[in-house]
Amino acid sequence: MSKPIFTTPSPAAHSLEVLRQHFPQAIETDAQGCIRINAAALQIAIDPANPAGVQVEEDGFELRWVGKREAYHSAFVPVQKILEPRPEQSKNWDTTGNLLIKGDNIDALRLLRQSYFGHVKLIYIDPPYNTQSDAFIYRDDFSAKQGEVLEQLGYTRDNIDYIKNIYGARTHSGWLSFMYPRLLLAKDLLDKDGVIFISIDDNEQAQLKLLCDEVFGQENFISNLIWEKGRKNDAKFFSNGHEYMLVYAKAQSHLREENTLWREEKPGARDIWEHYLTLRQTHGDNNTAIETGLQQWFASLPKAHPAKKWSRYKRVDANGPWRDRDISWPGGGGPRYDVLHETTKQPCKVPERGWIYSTPEEMQRQIDLGLVAFRDNHSEPPFRKAHIRPLPQELDAVPEDADSDGEADDELATQVRGSYFYKQSQVSVRHLRELLDKNVFNNPKDVDELARLLGYVSPGDKSAIALDFFGGSGTTAEAVMRLNAEDGGTRQFILVQIPQPIDAKKQKEVHKFVIETLGKPDATIFEITAERIRRAGAKINAYKPEVDTGFRVFELVDDPDALILQKPLQEATQDDLAALQISIATPQPDQLPRVLYNLLLAEQLPLTTVLHTVKVDHLYQAANVLMIVKPLPLAELADTLRALQASATPVVYLTVYAPWIDDDNFMLGIKTLAESLGYSEDKLRLRG
């Protein structure tokens with residue numbers, strides 16, 4: 001029943017346990033206590049009739065670098081940090097659903113994995129590009145503990161020293177060792193229909209593509225977007241003014257099973273629709289008058305207006321503006337059957353490629369729905385209607401590749417995005433400068449483009465969680481808030497930013513901005529991240545006050561108790577053990593918020609969960625979990641639980657923070673009490 005507050009099994013440990021349950025004969029333990037998988041025994045257990053036995057493939061292709069195994073294991077080492085809530089640095093602490101975490105993202109991801117495993121819909125990151133201009137501040141410390149792990153993995157002392165030297169170095173190996181564990185953890189956070197975007201340039205793009213193929217699976221590669229930001233006229237050979245954005249799905253097969261379709265609204269389509277609604281209100285059911293008014297409006301638009309391009313949507317029926325579209329089978333070889341003209345009652349001419357609808361019955365259904373328009377006579381084929389706001393029936397009845405030649409999908413009112421797009425980098429620089437009244441951040445990402453991408457890959461999901469664990473200038477947070485302002489969504493963001501110091505000499509103006517303008521005691525990039533979110537949120541709330549622009553700040557800090565426990569047993573003194581017992585078992589009021597919010601992680605609840613005080617210093621409710629942090633009379637607890645069971649949010653789980661329970665009778669009686677109130681053993685948990 002007892003479980004450490006931070007202990008969550010790694011994927012490797014879970015897989016090993018599955019193997020133990022189903023194939024115990026394949027799990028061996030050598031003299032040193034190391035686990036080995038007996039491949040021959042596993043093969044026999046799975047397919048005992050196979051005479052070929054185990055086939056070992058000696059040739060193959062994989063990405064290798066020195067330190068890869070250690071990098072993998074570093075993703076799942078026990079967490080040595082805890083979350084310290086910082087309400088004083090937050091905005092709208094009690095009501096917001098957003099998070100801003102201060103600290104190294106490797107630690108943040110390890111902690112987030114406990115509460116957000118499989119819950120994140122969108123991840124966007126802009127990691128260090130590993131160039132000479134990068135300030136590579138994520139220099140993962142190579143600890144003595146990691147050295148012990150390498151020795152257990154069979155590394156020689158020379159190899160261990162080499163790996164230690166490449167940590168944080170500007171080498172491909174060092175960069176890959178830095179990215180690998182973070183991407184492994186990021187994958188665990190993604191929902192089954194989740195997507196990750198990773199910005200990168202030519203320096204590491206090739207390595208990153210291979211790494212992502214390994215982490216996410218080559219079959220889950222979606223695209224390699226090219227973001228052109230402007231031409232460099234001083235280039236000697238070619239102007240490399242672009243960056244890349246790798247896109248991977250958690251499970252592309254799931255997206256296909258769900259018939260997920262990514263589309264975005266055509267620029268100008270909304271203007272057409274809104275003008276049509278105005279005309280409809282004026283002319284009622286008179287479609288002819290509406291058509292005339294719509295055509296006059298198209299003619300009056302300036303050439304640069306985005307709706308001008310779609311002036312073919314000049315016909316109107318009860319479903320809105322429409323244009324004609326080809327009715328033939330894509331690529332040729334389609335079905336041929338008679339379609340009688342609505343007036344002449346003679347068979348219409350069959351297109352050379354055959355009809356797009358596979359059966360006469362489907363063709364008649366489309367005609368009955370008013371989605372097929374006949375010409376003046378039967379000498380020409382009819383055509384399909386394509387509405388500015390497509391009807392489901394327009395898309396459901398045609399083959400998947402119906403628009404792969406001739407007129408493409410982008411002839412619809414929605415369009416598929418291409419893998420190349422252009423947006424000058426100066427636009428985002430200017431936006432951030434205007435927002436903060438100073439140029440304080442180099443190369444911020446474009447908030448408009450990020451908002452478009454986030455909306456594009458989450459169709460219909462307006463409550464998605466978006467994660468950016470290289471928070472930087474805070475663009476992702478503003479993109480989420482802006483998207484919510486546009487469509488009324490309730491998406492939430494989680495940003496992580498390390499408190500990177502700002503050099504007072506090299507970045508004098510930025511340092512001055514944080515210390516003097518913002519009044520912060522320490523000049524770090526984190527303060528710029530937080531300030532950008534505050535100002536962007538205030539600007540959005542000025543015209544959309546209902547949008548959640550708040551955020552809870554949590555800081556990653558050392559857990560003093562864990563640091564004591566790290567000391568080797570032979571080095572621990574009686575004073576160490578006595579201090580540990582006192583620090584853990586003595587309730588300290590100033591530690592209560594820290595305990596409660598870290599208990600949220602242990603209970604796999606979001607860090608934005610609202611904590612309700614049931615009894616001050618004793619009982620707190622988070623969602624359907626009651627947290628018991630100090631003992632109280634069992635009779636009083638029983639009455640409280642009965643009342644909570646009958647409340648609008650009944651308590652389903654009981655969590656006891658054991659270190660602060662100094663009453664043995666309470667510990668003995670609570671299990672009996674829980675059972676008497678209908679709580680099964682798995683609903684009562686001890687934490688500590």
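No experiment lies behind these values; they were computed from the predicted model shown.

Caption draft 1: The environment of Ser-680, seen in detail. Tracing the chain through its elements places Ser-680 in the loop between helix 23 (664–676) and strand 24 (684–687). Residue classification places Ser-680 among the partly exposed positions, given a relative accessible area of 33%. It is 9.8 Å that separates the C-alpha atoms of Ser-680 and Val-652, two residues lying 28 residues apart in sequence. Of the polar contacts made by the side chain of Ser-680, one reaches the side chain of Asp-682; its length is 2.4 Å.

Caption draft 2: Spotlight on the pairing of strand 20 (residues 611–615). In the sheet, strand 20 pairs with strand 21 (residues 619–622) via 4 bridges, with the strands oriented antiparallel. From the neighbouring strand, Lys-615 faces strand 21, where its bridge partner is Leu-619. Two successive antiparallel strands, strand 20 and strand 21, enclose a turn made up of 3 residues, where Asp-617 displays a positive phi of approximately 70°.

Caption draft 3: Spotlight on the environment of Asn-665. Along the chain, Asn-665 turns up in helix 23. When its relative accessible area of 60% is taken as the criterion, Asn-665 is described as exposed. Note: C-alpha distance between Asn-665 and Leu-634 (31 residues apart in sequence) is 9.3 Å.

Caption draft 4: Focus on the side chain of Ser-328. The residue Ser-328 is located in the loop between strand 12 (320–325) and helix 12 (360–368) in this model. Of note is the side chain of Ser-328, whose polar atom sits 2.7 Å from the side chain of Arg-353. If sequence neighbours within four positions are ignored, Ser-328 has contacts with Pro-351, Arg-353, Gly-354, Trp-355 and Ile-356.

Caption draft 5: Seen up close, the packing of helix 10 (residues 269–283) against helix 11 (residues 287–300). Contact pair helix 10 / helix 11: the axes reach a minimum separation of 9 Å and the direction vectors enclose 140°. When the interaxial angle is binned, helix 10 and helix 11 end up oblique. With respect to the hand of their crossing, helix 10 and helix 11 are arranged in right-handed fashion. For the pair helix 10 and helix 11, contact is made by Asp-271, Ile-272, His-275, Tyr-276, Leu-279, Arg-280 and His-283 and by Asn-287, Ala-289, Ile-290, Gly-293, Leu-294, Trp-297 and Phe-298, respectively.

Caption draft 6: Inspection of the sheet that holds strand 12 at higher detail. Sheet architecture is open: 4 strands sit in the order 11-12-14-13, paired in antiparallel fashion. Both outer strands of the open sheet, strand 11 (315–317) and strand 13 (372–373), are each paired with one neighbouring strand and no more. Pairing analysis gives 4 bridges linking strand 12 to strand 14 (residues 383–387), with the strands arranged antiparallel. Bridged to Trp-322 within strand 14 is His-387. Contacts from helix 11 reach strand 11 and strand 12, with the element oriented near 145° to strand 11.

Caption draft 7: Fine view of the packing of aromatic side chains. Counted by the stated rule, this structure contains 17 aromatic pairs. With a centroid separation of 6.2 Å and 45° between ring planes, the pair formed by Tyr-72 and Tyr-180 is classed as tilted. Of this pair, Tyr-72 sits in helix 3 (residues 68–74) while Tyr-180 sits in helix 7 (residues 172–189), placing them 108 residues apart in sequence. Each member of the aromatic cluster is reached from another via a ring pair, and the members are Trp-65, Tyr-72, Phe-76 and Tyr-180.

Caption draft 8: Just the environment of Ala-466, in detail. Tracing the backbone shows Ala-466 in strand 17 (residues 465–468). When the C-alpha positions of Ala-466 and His-119 are compared, they lie 9.7 Å apart, and in sequence the two are 347 residues distant. Non-local contacts of Ala-466, meaning those with residues more than four positions away in its chain, are made with Leu-122, Val-480, Gln-492, Phe-493 and Ile-494.

Caption draft 9: Representation of the confidence of the model for the protein chain in the model. Summarising the model, the protein chain shows a mean pLDDT of 85, and 83% of its residues fall at 70 or more. Note on residues 134–145: pLDDT under 50 across the span, and 35 contacts to partners over four residues away in sequence or across chains. In the model, residues 403–412 has pLDDT below 50 throughout and makes 30 contacts with residues more than four positions away in sequence or in other chains.

Caption draft 10: Expanded view of helix 17 (residues 508–517). Within the span of helix 17, buried status applies to Val-510, Phe-513 and Val-514. Seen along its axis, helix 17 keeps its buried residues to an arc of 85°; they face one direction. Residues of helix 17 that are exposed and point over 90 degrees away from its buried face: Lys-508 and Glu-516. Close packing links the buried residues of helix 17 with helix 14 (425–436) and helix 18 (525–541). Positive backbone phi, approximately 70°, marks Gly-519, located one or two places after helix 17.

Caption draft 11: Here's a closer look at the pairing of strand 23 (residues 653–657). Taken across its 5 residues, strand 23 has 4 buried, putting it largely inside the fold. Relative to strand 23, strand 22 (residues 625–628) is paired through 4 bridges, and the arrangement is parallel. Looking at strand 23, one finds that Leu-626 is bridged to Leu-654. Crossover handedness for the path strand 22 to helix 22 (residues 634–645) to strand 23: right-handed. As defined by bridge partners, strand 23 adjoins strand 24 across 4 bridges and the pair is classed as parallel. Residue pairing in the sheet places Leu-654 in a bridge with Leu-684 of strand 24. In this fold, the crossover linking strand 23 to strand 24 by way of helix 23 has right-handed handedness.

Caption draft 12: Structural view of unusual backbone geometry. Even without glycine at this site, Lys-345 takes up a positive phi of about 60°. Assignment of secondary structure puts Lys-345 in the loop between strand 12 and helix 12. With a phi close to 70°, Asp-617 is a non-glycine residue in the positive phi region. Summarising the element assignment, Asp-617 is placed in the loop between strand 20 and strand 21. With a relative accessible area of 36%, Asp-617 lands in the partly exposed category.

What counts and what doesn't
- Residues numbered from 1 in each chain as written.
- Predicted model: local features only at pLDDT ≥ 70, side-chain atom pairs only at ≥ 80, totals over all residues.
- Heavy atoms only, no water.
- Helix = DSSP H or I, 4+ residues; strand = E, 2+ residues; numbered from the N terminus.
- Buried < 20%, exposed > 50% of the residue type's maximum accessible area, 1.4 Å probe, protein only.
- Polar contact = N/O pair within 3.5 Å; in protein donor to acceptor, adjacent residues only side chain to side chain.
- Pairing = 2+ DSSP bridges.
- Contact = heavy atoms within 4.5 Å.
- Axes fitted to C-alpha atoms, helices over the stretch in contact; angles between N-to-C directions.
- Parallel < 35°, antiparallel > 145°, perpendicular 65-115°, else oblique.
- Left-handed = near helix turned anticlockwise from the far one by under 90°.
- Phe/Tyr/Trp six-rings, centres within 6.5 Å; stacked < 30°, edge-to-face > 60°.
- pLDDT = per-residue confidence, 0-100.
- Arc of directions from axis to C-beta.
- Right-handed = clockwise from strand over helix to strand, strands pointing away.

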